[in-house]
Amino acid sequence: MPKNDRISVSVIKRLPRYYRFLGELSQQGIERISSRELSDRMKLTASQIRQDLNCFGGFGQQGYGYNVAELRGEIGRILGVDRQFGTIIIGAGNLGRAIAMHINFDTRGCRLTGVFDIDPALEGRKVGELTVLPMTALEEFCRRECPLAAVLCIPKSETQQVADQLTRLGIKAIWNFSHYDLSGYEGMIVENVHLGDSLLTLTYGLNSLIPRSEPHEIERKYLIFRPTEDELAAIEGIKRTDIVQTYLSAPENGPMRRVRKRGTEADGWTYTYTEKTHVSFGDRIEIEREIDVDEYDRLIKESLPDRPPIIKSRYVFTYKDQVFELDIYDFSDEYATLEIELESIDDEVFLPPYIKLIRDVTGDRLYSNSELARTRLLIP
Ligand code: NAI
């Protein structure tokens, strides 16, 4: 067997993963495997695997591949899984108990021999086969049982002092889960574990993959009584546009897809395609692009059968320097909606006196256009 100190730290960091994969292969009854197959499964390059495994004897044979059991056995010996290092857990709270119950110490070269906690209320409680002992019993226990490893599951503030004590008691390795990076202990092996760091690696991946959404529009939406044509015509500076909005089919959990035709017979039409994807709680990405009439006609064939197009006339007007959009839908003679975009959530809205307000429906999904396409109901 090669000397461990000849193996680089990065190879040693990969060994547990080799060991785990080879264990799974063994369980599936696979006796030998080529470096190519192993590389496919482990998502490492075949040459990386050959290089790594050559570090300790090169078990591979040209044309044969690796003998799974032999290789696993050898990696296991390098890792020391066949040993039984006495291990204790300090801190029998949520994490300490979860680790005691869910980590199989025996198959990883360690044997859990004691669980300790400072809280007298926990003393005597069962954690698996073991009984929680008070910290006052730690010294005596260490003298008698000589554990070599300790798992720290205690608050950050306690970590340094407990680690110092463990050093004095002959502990040689600390698996530290407390949110405090232990370092600087001569001759002590310390593995600081932060599950949150691992999650951040995931977040980083998502953050690179998913573009950020534009800042949210701050809008208010009101349900109002539908004004008559004469009332609308009397509003100073009012402009009308016609809109046909069609919702398109999308894969399950996929983005909301929509096409919109907008304009008037007199001025002509513009066409847009929009996709809205929810990326995180309350946050969405909107992709919108102008399309030509041919693409519009093609996309419209993908419309959702249960959501006929929303056909509405939009009237835009200004009142007290605020721009309002009033939508009149083809399916409602009685009601309409009024929207305003605000700069800040605290902005006060001054509704024009000629608007007959029913109520504020901001954020109510029932009044979203995609929902109205389905229900065709403006409920007062
Ligand atoms: P918890 O409050 O349920 O348990 C902590 C236990 O430590 C308590 O039973 C307490 O009595 C005991 N304790 C406090 N001081 C002690 C001392 N001087 N000696 C012996 N026992 C002592 O907390 P939980 O959820 O089990 O978390 C434990 C620690 O692990 C916390 O610091 C937490 O922030 C951290 N943590 C770390 C994670 C990681 O990925 N590294 C993940 C989850 C929690």
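Keep in mind that what you see is a predicted model, and the values were worked out from it rather than measured.

1. Let's talk about the overall build of the protein
When helices and strands are tallied, the protein shows 11 helices and 18 strands. Rg of the C-alpha trace for the protein: 34 Å, well past the compact-globule value of 21 Å for 380 residues, more than 25% over. Once the C-alpha set of the protein is aligned to its principal axes, its extents read approximately 95 × 60 × 35 Å. Residues counted as buried form 21% of the 380 residues belonging to the protein. Here the contacts in the protein between residues at least 6 apart in sequence split such that 58% fall between residues at least 24 apart.

2. Here we look at the pairing of strand 4 (residues 110-117)
The element strand 4 is largely enclosed, with a buried count of 6 among its 8 residues. Examined bridge by bridge, strand 3 (residues 85-90) and strand 4 share 6 bridges and lie parallel to one another. Counterpart to Ile90 in the pairing with strand 4 is Phe116. With helix 5 (residues 94-102) bridging strand 3 and its parallel neighbour strand 4, the resulting β-α-β unit is right-handed. In this sheet, strand 6 (residues 130-134) lies alongside strand 4 in parallel orientation, the contact comprising 3 bridges. Along strand 6, the bridge assignment pairs Asp117 with Pro134.

3. Some thoughts on the domain arrangement of the protein
The domains assigned to the protein are domain 1 (4-79), domain 2 (85-196) and domain 3 (218-375). With centres defined by C-alpha atoms, the gap from domain 2 to domain 3 works out at 61 Å.

4. Section: the site of the ligand
Around the ligand there are 26 residues in total, and Gly91, Gly93, Leu95, Asp119 and Leu195 lie nearest to it. Put simply, the parts of the chain that give the shell around the ligand at least two residues each are helix 5, strand 4, helix 7 (156-168) and helix 8 (195-209). For the shell around the ligand, the residue count by class is 14 nonpolar, 8 polar and 4 charged.

5. What about the pairing of strand 3?
As paired elements, strand 3 and strand 7 (residues 149-152) share 4 bridges and run parallel to each other. By the bridge assignment for strand 7, Ile89 is matched with Val151.

6. Looking at the sheet that holds strand 9 (residues 189-192)
Judged by pairing direction, the sheet is mixed, and its 7 strands sit side by side in the order 5-6-4-3-7-8-9 without closing on themselves. Looking along the sheet, the strands with just one partner apiece sit at the ends: strand 5 (126-127) and strand 9. Sheet analysis places strand 5 next to strand 6, joined by 2 bridges and oriented antiparallel. Following the sheet pairing, Lys126 is matched in strand 6 by Thr131. Set on the sheet, helix 6 (residues 138-145) makes contact with strand 3, strand 4 and strand 6; between it and strand 4 the angle comes to about 165°.

7. Quick word on unusual backbone geometry
Within the chain, Lys320 stands out as a residue other than glycine whose phi angle is a positive 50°. Following the sequence through the fold, Lys320 ends up in the loop between strand 15 (310-319) and strand 16 (322-329). The phi dihedral of Asp321 falls on the positive side, at around 65°, and the residue is not glycine. Counting through the fold element by element, Asp321 comes out in the loop between strand 15 and strand 16.

8. What to know about the packing of helix 1 (residues 9-27) against helix 4 (residues 68-79)
A pair of packed helices can be characterised by two numbers: the angle between their axes and the separation between those axes. Where helix 1 meets helix 4, the closest approach of the two axes is 9 Å, and the angle between their N-to-C directions is 145°. Between helix 1 and helix 4 lies a crossing of left-handed hand. Contact with helix 1, carried on its side by Leu15, Pro16, Tyr18, Tyr19, Leu22, Gly23, Leu25 and Ser26, involves Val68, Ala69, Leu71, Arg72, Ile75, Gly76, Ile78 and Leu79 of helix 4 and no other residues of that element.

9. Observations concerning helix 1
Between the first and last C-alpha of helix 1 there are 28 Å, a value that for 19 residues agrees with the 27 Å anticipated at 1.5 Å per step. Taken as a whole, helix 1 carries its principal kink of about 30° at Leu15; the proline Pro16 stands between one and four residues after it. For helix 1, the full list of buried residues reads Tyr18, Tyr19, Leu22 and Leu25. Among the structural elements, strand 1 (32-33) and helix 4 are those in contact with the buried residues of helix 1. After helix 1 finishes, the residue Gly29 shows a positive phi value of roughly 80°.

10. Overview of the packing of helix 2 (residues 35-42) against helix 3 (residues 46-54)
Relative to each other, helix 2 and helix 3 sit at 110°, their axes nearing to 8 Å. Classified by the angle between their axes, helix 2 and helix 3 sit roughly perpendicular to one another. Taken together, the residues of helix 3 that come into contact with helix 2 (itself represented by Ser35, Arg36, Leu38 and Ser39) are Ala46, Ile49 and Arg50. Residues of the contact of helix 2 with helix 3, tallied by class, amount to 3 nonpolar, 2 polar and 2 charged.

11. Some remarks on the environment of Asp119
Along the chain, Asp119 turns up in the loop between strand 4 and strand 5. Its 13 C-beta neighbours within 10 Å are what place Asp119 among the partly exposed residues. Taking the C-alpha atoms as reference points, Asp119 and Ile75, 44 residues apart in sequence, are found 40 Å from one another.

Parameters at a glance
- Residues numbered from 1 in each chain as written.
- Predicted model: local features only at pLDDT ≥ 70, side-chain atom pairs only at ≥ 80, totals over all residues.
- Helix = DSSP H or I, 4+ residues; strand = E, 2+ residues; numbered from the N terminus.
- Rg over C-alpha atoms; globule rule 2.2 N^0.38 Å.
- Buried ≥ 20, exposed ≤ 12 C-beta atoms within 10 Å, placed from the backbone.
- Contact = placed C-beta atoms within 7 Å.
- Pairing = 2+ DSSP bridges.
- Right-handed = clockwise from strand over helix to strand, strands pointing away.
- Domains from an automatic or database assignment.
- Near = placed C-beta within 6 Å.
- Nonpolar A, V, L, I, M, F, W, Y, C, P; charged D, E, K, R; others polar.
- Axes fitted to C-alpha atoms, helices over the stretch in contact; angles between N-to-C directions.
- Left-handed = near helix turned anticlockwise from the far one by under 90°.
- Expected span 1.5 Å × (residues − 1).
- Bend = angle between axes of the 7 residues up to and from the residue.
- Parallel < 35°, antiparallel > 145°, perpendicular 65-115°, else oblique.

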